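# Chains, contacts and geometry: an overview
For reference, the chains in residue letters:
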Amino acid sequence: MSSHPDDSTFAAFNRMQGMGTVRDPYPEWADLRREAPVQVGDTDRFLPPGSAALMGERIAVALSFDAVSEVLLDGARFPSSGYARTMGAVMGHTILEMDEPEHHRYRALIQTAFQRKQQQRWEQEIVRPTIEARLERLRGAGRAELVGDLTFPFPVAVICDMIGIPKDEHDTFHRLAVDLISVAFDPPRGLAASQGLGELFAEVLAQRRRQPANDLMTLLAEAELEGTHLEDEQIFAFFRLLAPAGAETTYRSSSNLLYGLLSDPVQLDALRRDPSRIPAAIEEGLRWECPLTGIQRTTARDTEVAGVAIPEGTPVHVCLAAANRDETRWDEPDRFDLFRTQRHHASFAFGPHTCLGMHLARMETRVLLECLFERLPGLRMDPEAEDVHISGRMFRSPLALPVVFDG
Ligand code: HEM
């Protein structure tokens with residue numbers, strides 16, 4: 001059985017993200033940003049109910065592009081260790097919650113697999129065949145729902161193949177990946193998923209120790225830190241982080257980009273005619289509708305950002321989505337415009353924790369567009385579809401993308 005976004009596991013998670021209800025948080029973020037680039041106040045003023053671990057505290061929120069960059073570039077003043085209280089409870093001690101120098105040592109163990117030059121291998125061996133197989137099923141149908149049929153399932157299949165998870169476990173992996181990050185609103189579900197993923201990884205690890213393969217499980221099984229192999233739990237923590245990172249981000253970012261294109265046939269046509277613009281379109285999609293709108297840091301000492309004082313030990317919500325629509329950096333920031341002058345956006349974060357999977361995500365999205373243009377000629381939004389839109393607060397994407405095509 002293949003997972004579908006309407007299944008109860010995924011639908012429950014999406015509801016907690018405000019999908020289907022929170023349609024446009026950008027005006028609120030813009031008002032806050034114009035009031036002050038950094039705000040300090042009670043959690044419930046800024047964060048959705050899903051942020052249970054931080055509820056009842058005073059937090060800071062960074063909203064302007066400059067404030068967001070300043071926080072993310074300074075890992076000593078704004079460490080990531082606060083994730084130990086939230087994601088750490090279910091993922092274990094991952095690179096997400098490590099600070100320097102520990103972070104650099106562990107990230108280096110897996111970094112090579114995600115470098116730009118490695119992407120050619122993943123593209124040929126995994127990404128293109130996965131997407132083509134999905135599109136083959138749509139051949140001759142004339143219509144499709146691109147989230148359920150394509151953008152939701154394909155990135156999970158890719159990360160599973162990269163890790164070495166057997167095909168018949170992909171669906172289990174997908175459900176557990178989403179259950180894992182449901183910990184914010186359903187802790188028992190998150191903890192059970194953590195254990196379930198551990199058991200799944202243990203089987204694959206044991207198998208790879210007997211018979212190594214060319215995958216990430218083998219890479220970490222053989223990795224050494226100061227002459228010592230990693231413990232099993234350290235390996236599982238890496239993959240518990242890659243599970244939602246692989247399942248929840250590219251699916252949403254590629255859906256958002258497709259939504260931007262399908263709702264503007266002129267830009268869609270321009271891209272179809274000139275595919276050399278695909279990289280620019282991908283960056284503009286990421287800027288315009290960031291799939292993961294915010295991340296977390298903590299202040300290591302009393303400090304100040306953009307003239308706003310933040311006391312030591314304050315959780316800092318770094319609003320990447322607000323930074324991406326800072327009108328002092330982009331003209332008409334609310335508009336999706338693949339012809340605009342490219343400027344670096346915040347969707348992959350900055351500094352030591354800059355997204356490890358960004359080259360993979362970009363490549364996956366490029367291949368997706370190339371294959372769609374090639375295999376679904378005349379692709380356009382289904383003219384009978386009503387009120388297709390993006391929604392959500394922490395994660396954002398469309399619930400469905402009904403399309404028609406020729407043939
Ligand atoms: C468009 C898709 C993606 C977006 C927008 C995205 C966004 C981000 C962001 C904002 C961070 C920083 C988190 C923080 O510092 O708190 C991050 C980190 C990370 N991402 Fe991604 N991500 C995407 C795809 C992926 C993929 C496909 C993978 C791998 C399968 C991945 C793996 C990671 C990992 C391992 C980290 C932690 C890096 C570290 O702490 O050093 N990401 N991502």
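Our structure is the block above this text.
Residues numbered from 1 in each chain as written. Predicted model: local features only at pLDDT ≥ 70, side-chain atom pairs only at ≥ 80, totals over all residues. Heavy atoms only, no water.

### Digging into the packing of helix α6 (residues 102-111) against helix α13 (residues 232-248)
The cut-off we apply is this: Inter-axis angles, ranging from 0 to 180 degrees, are taken between N-to-C directions of lines fitted to C-alpha atoms, where helices are fitted over the stretch in contact. The secondary structure listing takes helices from DSSP runs of H or I that are at least 4 residues long and strands from runs of E that are at least 2 residues long, numbered from the N terminus. Any angle from 65 to 115 degrees is called roughly perpendicular, while one under 35 is roughly parallel, one over 145 is roughly antiparallel, and all others are oblique. The contact criterion used throughout is that any non-hydrogen atoms of two residues lie within 4.5 Å. The residue classification treats Ala, Val, Leu, Ile, Met, Phe, Trp, Tyr, Cys and Pro as nonpolar and Asp, Glu, Lys and Arg as charged. All others, Gly included, are polar.
Packing of α6 against α13 leaves a shortest axis separation of 12 Å and a crossing angle of 70 degrees. Judged on the interaxial angle alone, α13 and α6 are roughly perpendicular. Judged by residue contacts, Y106, L109 and I110 of α6 engage Q234, F238 and L242 from α13. Tallied by class, the residues present in the contact of α6 with α13 amount to five nonpolar, one polar and no charged.

### What about the state of the cysteines?
Heads up, the rule is: In this description, a disulfide is simply a cysteine sulfur pair whose atoms lie within 2.5 Å. Whether a residue is buried, partly exposed or exposed follows from its accessible area with a 1.4 Å probe, protein chains only, as a fraction of its type maximum: under 20%, in between, or over 50%, in that order.
Using the criterion set out here, one finds zero disulfides in the structure. A disulfide-free cysteine, C371 has its sulfur positioned 20 Å from the sulfur of C160, the nearest such atom. Take C371: its relative accessible area is 1%, and that puts it in the buried class.

### Considering the coordination of the iron atom of the ligand
Applied cut-off: Here the term donor refers to an N, O or S atom within 2.8 Å of the metal (or 3.2 Å for Na, K and Ca), and because water is left out of the atoms, sites may appear incomplete.
A lone protein donor binds the iron atom of the ligand: C355 (SG), at 2.3 Å. Structurally, the position occupied by C355 is in the loop between α17 (320-324) and α18 (358-375).

### Topic: the packing of aromatic side chains
This is how it is decided: Between rings of Phe, Tyr and Trp, where Trp is taken as its six-membered ring, a pair exists when centres lie within 6.5 Å; planes separated by under 30 degrees are stacked, by over 60 edge-to-face, and by other angles tilted.
If you walk through the whole model with that rule in mind, you get 12 aromatic pairs. Taken together, a centroid distance of 5.7 Å and an interplanar angle of 75 degrees make the contact between F65 and F350 edge-to-face. Of this pair, F65 sits in helix α4 (residues 65-73) while F350 sits in the loop between α17 and α18, and the two are 285 residues apart along the sequence. Among the residues examined, F65 registers a relative accessible area of 7% and is labelled buried. By relative accessible area, which is 10% here, F350 ends up buried. Centroid distance F201 to F239: 5.7 Å. Interplanar angle 55 degrees. Geometry classified as tilted. Taken together, the residues F201 in helix α11 (residues 187-210) and F239 in helix α13 connect sequence positions 38 residues apart.

### Observations regarding the pattern of salt bridges
Oppositely charged side chains are able to pair whenever their charged atoms sit close together. Defined as follows: A pairing counts as a salt bridge when a side-chain nitrogen of Lys or Arg comes within 4 Å of a carboxyl oxygen of Asp or Glu.
Inspection of every chain in the model, using the stated rule, returns 37 salt bridges. Put simply, E370 and R128 hold a salt bridge, and the shortest N to O gap is 2.6 Å. Here E370 is found in helix α18, whereas its partner R128 is found in helix α7 (residues 119-136), with 242 residues between them in sequence. For R252, the salt bridge identified is with E248, shortest N-O distance 2.6 Å. Its relative accessible area of 0% is what places R252 among the buried residues.

### Details of the environment of G20
With respect to the helices, strands and loops of the structure, G20 is situated in the loop between α1 (8-16) and α2 (26-35). A sequence separation of 156 residues divides G20 from L176, and the C-alpha atoms of the two residues are 23 Å apart. The residues contacting G20, other than those within four sequence positions of it, are S391 and L399.

### Considering the sheet that holds strand β2 (residues 58-62)
As a reminder, the rule being used: Strand pairing follows a simple DSSP-based rule, namely that at least 2 bridges must link the two strands.
Taken together, four strands build an open sheet; the order of strands is β1-β2-β9-β6 and the sheet is mixed. Edge positions in the sheet fall to β1 (38-42) and β6 (294-298), since each of these pairs with one other strand and no more. Averaged over all pairs of adjacent strands, the angle between strand axes in this sheet comes to 25 degrees, irrespective of strand direction. Taken together, the five bridges between β1 and β2 define a ladder with antiparallel strand orientation. Bridge pairing in β2 places V38 opposite A62. On top of the sheet, α4 reaches β1, β2, β6 and β9 (315-319); it is set at about 125 degrees to β9, its chief contact.

### Structural notes on the site of the ligand
Threshold: Only heavy atoms are used to decide nearness, and a residue is near a molecule or strand if one of them lies within 4 Å of it. Polar contact is defined as a pair of N or O atoms within 3.5 Å, subject to the rule that within protein one atom must be able to donate a hydrogen and the other to accept it, and that residues adjacent in sequence are counted only when both atoms are side-chain atoms.
Surrounding the ligand, one finds 29 residues, the nearest of these being Y83, H103, R297, H353 and C355. Here an oxygen atom of the ligand sits 2.6 Å away from a polar atom, N or O, in the side chain of H103. Secondary structure elements with two or more residues in the shell around the ligand: α6, α13, α14 (250-262), β6 and α18. Ranked by residues supplied to the shell around the ligand, first place goes to α13 with four residues. Its residues placed into classes, the shell around the ligand shows 19 nonpolar, eight polar and two charged.

### What about unusual backbone geometry?
The linkage connecting E100 with the following residue, P101, adopts the cis geometry, with an omega of 5 degrees. Tracing the backbone shows P101 in the loop between α5 (88-91) and α6. Backbone geometry places E226, a non-glycine residue, at a positive phi of 50 degrees. Along the chain, E226 falls in the loop between β4 (224-225) and β5 (228-229). The class of E226 is exposed, set by a relative accessible area of 71%. Even without a glycine there, the phi angle at E332 is positive, about 40 degrees. Relative to the assigned elements, E332 resides in the loop between α17 and α18. E332 gets classed as exposed once you look at its relative accessible area, which sits at 52%.

Read these as spatial facts, not as claims about activity.
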